[in-house]
Every structure is written in structure tokens, then in C-alpha cells.
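# Observations on the three-dimensional arrangement
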Amino acid sequence: MKLGDHVSAPFPIYNRMPQGSLLSPILLALYTALLLNLASTWVHHDLTLYVDDGTIFVTSATTSAATNSAITGYEIALKWL
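Keep in mind it's a predicted model, so treat the numbers as computed, not measured. (Residues numbered from 1 in each chain as written. Predicted model: local features only at pLDDT ≥ 70, side-chain atom pairs only at ≥ 80, totals over all residues. Heavy atoms only, no water.)

## So, the side chain of Ser 8
- When you line up the elements, Ser 8 lands in the loop between β2 (6–7) and α1 (24–39).
- At a separation of 3.0 Å, a polar atom in the side chain of Ser 8 contacts the side chain of Tyr 74.
- With near-sequence residues (within four places) excluded, Ser 8 lies in contact with Met 1 and Tyr 74. (Helix = DSSP H or I, 4+ residues; strand = E, 2+ residues; numbered from the N terminus. Polar contact = N/O pair within 3.5 Å; in protein donor to acceptor, adjacent residues only side chain to side chain. Contact = heavy atoms within 4.5 Å.)

Next comes the structure, spelled out in C-alpha cells:
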């Protein structure tokens, strides 16, 4: 992830499903449901997922606070993975 001057360290991906598998959408929904439930408790930031893409949306009065909030959300999601 890159946000401004912040670049996260690379990390391995251990779980995957072959592209086009009929099970992919079902397994993805089951796998990410708990993460989306966790993100629903966040204040002033939100996690949105679509297929295999995710975005953290943040609102704040200052750019610095928004950046810190986005990084915090990212770290929570990464720890969950």
C-alpha cells in the first residue's frame, strides 16, 4: 500500500482460489464477512470491498488526521488477514 510518502512492507498471500472458480464469490463473502463486520465499528473511516479489491475511505478535519486514520484502518485489516 502507498499513501503519500508511506509505503507498507511487502507481505505474502497464503490463501487463494483459481480465477473463474464458481466457489470464489461464495468463499470470498464468507472469508471477508468478519472483516467487514469489524470495519463497521470504525469511526470516521470505512472499508469497502468489491470482488478482490478493497478501499479504506476516511474523513477528517485535517490531512494528517485522515492519513493516520487510513494507516490505522490498513493496519487493522492487515492484522486481521
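## Examining the environment of Leu 34
- Mapped onto the secondary structure, Leu 34 falls in helix α1.
- The class of Leu 34 is exposed, set by a relative accessible area of 59%.
- C-alpha of Leu 34 to C-alpha of Trp 80: the two residues are 46 residues apart in sequence and 9.1 Å apart in space. (Buried < 20%, exposed > 50% of the residue type's maximum accessible area, 1.4 Å probe, protein only.)

## Some details on the pairing of strand β4 (residues 53–58)
- In terms of strand pairing, strand β3 (residues 45–50) meets β4 through six bridges, oriented antiparallel. Considered in β4, the bridge of Asp 46 is made with Phe 57.
- Linking β3 back to β4 in an antiparallel pair, the connection comprises two residues, with Val 51 at a positive phi of about 50°. (Pairing = 2+ DSSP bridges.)

Bear in mind that shape data such as this cannot, by itself, settle questions of function.
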